[in-house]
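Residues per chain, in single letters:
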Amino acid sequence: MRNRPTAGRARLALAVAVVLGGGALTALPAQAAPAADGLTVQYRTSASGATADQTEPWLKVRNTGSSTVQLSQVKIRYYFKADSPNTSYRFACSWAVRGCSAVTGTFGTLSNPTATADRYLEVGFTSAAGTLAPGADTGDLQLRFYQSNWQTLRQSDDYSFDGARTSYGDWDKVTAQLAGATVWGTAPDGNDPTDPTDPTDPPGGGQTLFDDFDYGSHTDPALSAHGWSVRSNSGGPGVPGATWDPSKVTFASAGGNSVMNLETSTAGTGASTTQTEVLTKSMKFRNGTYAARVRFSDAPKSGPDGDHLVQTFFTINDLKAPMADDYAEYDFEYLPNGGWGEPSNILYTTSWETYNPDPWQAVNQHSEQRSSYAGWHDLVVTIDDGAITYYVDGQLFGTHGAQYLPERPMSINFNQWLIDLNGQTSTTPRAYDQQVDYVLHVKDQVLTPAEVAAKIAGYRAAGTGFVDEVPAS
């Protein structure tokens, strides 16, 4: 925030005190390919116009052979013509029966460009996608790709596109490879999928962290095993003399889902004040989509109201030196009773470039809304190569400039704390709750709020409570 007091920034180093490295990947044994002609690919499109905001190839892969197929050995190529030689594209998965987290998408250039194709989207699967039995298909792969600058693209001149195909049918203008051998489809002339090609974009990302916060308590071994730290060390932000109490982080059921509850309490003195924070041990999150469903509270669950409370969802790394330009922080901060000079309810989203704690100097951009946000809210922030964009309940809340983009990975955090004790001077005990339903991060992919909701629904429909595919930085 502008002119935020120094004490309000003390959490910056403390919130990222614990960092955990990632483990090594284990190679999978090679699998033998089934008989030739073992796969077919079906295609339809949900964006049938000659031009569109994004191309939407929906695919199904069917095993027509006699042997079980490891989907991790399957590659599908969709061929298209770039809108200009320097155009870059981004891939996204809106829905997949096998789970979007098990689907990958990368782009490449063709060695022999044609009038209808000089690029391709290659769709693959991680080992989590499992196997495909003879006669079975993958079910829907609802995929899309778009220009990185979100300009309208022309798809009517794309080799693999057919706007008339609005229901699934076999489509031989996409190719399928199994264990490196082409088993389905015809590539544009002179472009056998087994020939070497040049990548046009870095891998499309898509590795996901999802947590439904289904734990027994703050001491549940799974909480730590899943990469979370419940803060217990002393220090800011907040009221001098306050402590961070792990036991006040609890888990319960609400609306049919498991939720994490952060309780902050005080009796009007620093010594009686307890605050709560939960953060990832690893700083490995940078560009992509971050989302959480959070319940803010305007009133305490017990005792008198009026404290200058901060309820948050944010990402952050450590400030290595005053005004260091590789610092980054992206905040949702709700103040139910005001504070920092505000008289009442206010929600901030803030993107930080850097700051100096003493004397206080801040370089940031923020958006704000002065109204009550009591209740459940879907919070989404996306970070790409051009901007940081914040959404609340599916609506655009603020867009911040490229100068605030992160230069190093960050942790993911939730906390609830008191700015000071000036809002309520009573010594009667009071306690406030903040709840979190889920958290999601999708690496290097920008999802709309609707796509976030669909991804969460997919995990819950599949009974998936936790996924972490994001590699250590």
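Scroll up to find the structure.
Residues numbered from 1 in each chain as written. Predicted model: local features only at pLDDT ≥ 70, side-chain atom pairs only at ≥ 80, totals over all residues. Heavy atoms only, no water.

> I tried to follow the overall build of the protein chain on my own but got confused; where do I start?
The secondary structure content of the protein chain amounts to 3 helices and 32 strands. Classification of the 473 residues of the protein chain by burial places 54% in the buried group. Considering only residue pairs separated by 6 or more positions, the protein chain has 74% of its internal contacts joining residues 24 or more positions apart. Taken as a whole, the protein chain presents about 18300 Å² of accessible surface, with 49% of it coming from carbon and sulfur. (Helix = DSSP H or I, 4+ residues; strand = E, 2+ residues; numbered from the N terminus. Buried < 20%, exposed > 50% of the residue type's maximum accessible area, 1.4 Å probe, protein only. Contact = heavy atoms within 4.5 Å. Areas by Shrake-Rupley, 256 points an atom, 1.4 Å probe, with all protein chains shown as cover.)

> Whenever I open this one, the pattern of salt bridges confuses me. Can you help?
Think of it this way: side chains of opposite charge can pair up when their charged atoms draw near. Counted by the stated rule, this structure contains 20 salt bridges. One salt bridge connects aspartate 162 with arginine 165, and the closest N-O pair in it is separated by 3.4 Å. Here aspartate 433 ties to lysine 301 by a salt bridge, and the two come within 3.3 Å at their closest N and O atoms. Taken together, the positions of aspartate 433 in strand β31 (residues 430-443) and lysine 301 in the loop between β22 (288-296) and β23 (308-316) put the pair 132 residues apart, joining distant regions of the chain. Taken together, the shared-partner salt bridges connect Lys248, Glu263, Lys301 and Asp433 into one network. (Salt bridge = Lys/Arg side-chain N within 4 Å of Asp/Glu carboxyl O.)

> Sorry, what's going on with the sheet that holds strand β10 (residues 141-147) here?
Ordered by their spatial adjacency, 5 strands build an open sheet running β6-β10-β3-β1-β12, and the pairing between neighbours is antiparallel. Each edge of the sheet is formed by a strand with only one pairing partner; in this case those strands are β6 (89-96) and β12 (169-170). Pairing geometry for β6 and β10, over 7 bridges, is antiparallel. Looking at the pairing, tryptophan 95 lines up with glutamine 142 of β10. (Pairing = 2+ DSSP bridges.)

> Help me understand the pairing of strand β26 (residues 360-369), please; the structure alone is not making it clear to me.
Side chains on a regular strand alternate between the two faces of the sheet. Here 10 bridges tie strand β25 (residues 346-357) to β26, and the two strands are oriented antiparallel to one another. By the bridge assignment, tyrosine 348 is partnered in β26 with glutamate 368.

> Just checking my understanding: could you explain the nonpolar core for this structure?
One finds Phe213, Met260, Phe313 and Phe414 to be the most contacted residues of the largest nonpolar core, which totals 38 residues. It is β22 that contributes the most residues to this core, 4 residues altogether. If sequence neighbours within four positions are ignored, phenylalanine 313 has contacts with Tyr290, Ala291, Ala292, Val294, Tyr330, Asp331, Phe332, Leu379, Ile412, Asn413, Phe414 and Val439. Counting 36 residues, the second-largest nonpolar core is a separate cluster that includes Ala82, Cys100, Ala102 and Phe145. (Core = buried A, V, L, I, M, F, W, Y, C linked by side-chain atoms within 4.5 Å.)

> What is the right way to read the packing of aromatic side chains from this model?
Centre-to-centre distance and the angle between the planes together describe a pair of aromatic rings. Summed over all chains, the structure comprises 27 aromatic pairs. Pairing tyrosine 215 with phenylalanine 251 gives two aromatic rings, centres 5.5 Å apart and planes at 70°, and the pair type is edge-to-face. Within this pair, whereas tyrosine 215 is found in the loop between β16 (208-211) and α2 (221-225), its partner phenylalanine 251 is found in strand β19 (residues 249-254), the two being separated by 36 residues in sequence. With a centroid separation of 5.4 Å and an interplanar angle of 80°, the aromatic rings of phenylalanine 332 and tyrosine 390 are classed as edge-to-face. One end of the pair, phenylalanine 332, is in strand β24 (residues 329-335); the other, tyrosine 390, is in strand β28 (residues 388-392), with 58 residues separating them in the sequence. The burial state of phenylalanine 332 is the same as that of tyrosine 390; both residues are buried. Put simply, the rings of Tyr43, Tyr78, Phe80, Tyr89, Phe107, Phe145 and Trp171 touch in pairs and so form one group of aromatic residues. Lying across the ring of tyrosine 159, lysine 173 places its NZ or CZ 5.2 Å from the centre. (Phe/Tyr/Trp six-rings, centres within 6.5 Å; stacked < 30°, edge-to-face > 60°. Lys NZ or Arg CZ within 6 Å of the ring centre and 35° of its normal.)

> What exactly am I supposed to notice about the state of the cysteines here?
Note: disulfide means a covalent bond formed between the sulfur atoms of two cysteine side chains. Taken as a whole and assessed by the stated rule, the structure comprises 1 disulfide. Put simply, cysteine 93 and cysteine 100 are joined by a disulfide, and their sulfur atoms are 2.1 Å apart. Its S-S torsion of approximately -70° makes the covalent link between cysteine 93 and cysteine 100 left-handed. Both residues of the pair, cysteine 93 and cysteine 100, count as buried. (Disulfide = S-S within 2.5 Å.)

> So what exactly am I meant to see when it comes to the side chain of glutamate 263 here?
Examined against the element boundaries, glutamate 263 turns out to sit in strand β20 (residues 257-266). Overall, glutamate 263 belongs to the buried group, its relative accessible area being 13%. Once residues within four sequence positions are removed from consideration, glutamate 263 is found in contact with Lys248, Thr274, Gln275, Thr276, Lys301, Gln416, Ala431, Tyr432 and Asp433.

> Sorry, what's going on with the pairing of β16 here?
Residues Thr208 and Phe210 line one face of β16 and the alternating positions Leu209 and Asp211 line the opposite face, and both faces are buried. Taken together, the 4 bridges between β16 and β31 define a ladder with antiparallel strand orientation. Bridge pairing in β31 links phenylalanine 210 to leucine 440. Bridging between β16 and strand β32 (residues 466-468) involves 3 bridges; their strand directions are antiparallel.

> Any chance you could explain helix α3 (residues 449-461) here in plain terms?
Helical periodicity: at 3.6 residues per turn, an α-helix aligns residues three or four positions apart in one direction. Taking 1.5 Å per residue, 13 residues should reach 18 Å; α3 reaches 18 Å between its end C-alpha atoms and fits that length. Those residues of α3 that fall on the buried side of the exposure criterion are Glu451, Val452, Lys455, Ile456, Gly458 and Tyr459. In an axial view of α3, the angular spread of the buried residues amounts to 155°, which keeps them on one side of the axis. Along α3, exposed side chains directed more than 90 degrees from the buried face belong to Ala450 and Ala461. (Expected span 1.5 Å × (residues − 1). Arc of directions from axis to C-beta.)

> Please clarify how unusual backbone geometry should be interpreted in this entry.
For residues that are not glycine, phi is negative in most cases, and the peptide bond is trans in most cases. Backbone torsion omega between glycine 236 and proline 237 reads 10°, so that peptide bond is classified as cis. Within the element layout of this structure, proline 237 appears in the loop between β17 (228-230) and β18 (243-244). With an omega dihedral of 0°, the bond running from aspartate 358 to proline 359 counts as a cis peptide bond. Position of proline 359 relative to the elements: it lies in the loop between β25 and β26. Not every positive phi belongs to a glycine, and phenylalanine 213 is a case in point at roughly 55°. With phi around 55°, tryptophan 340 is a residue other than glycine that occupies positive phi space. When you line up the elements, tryptophan 340 lands in the loop between β24 and β25.

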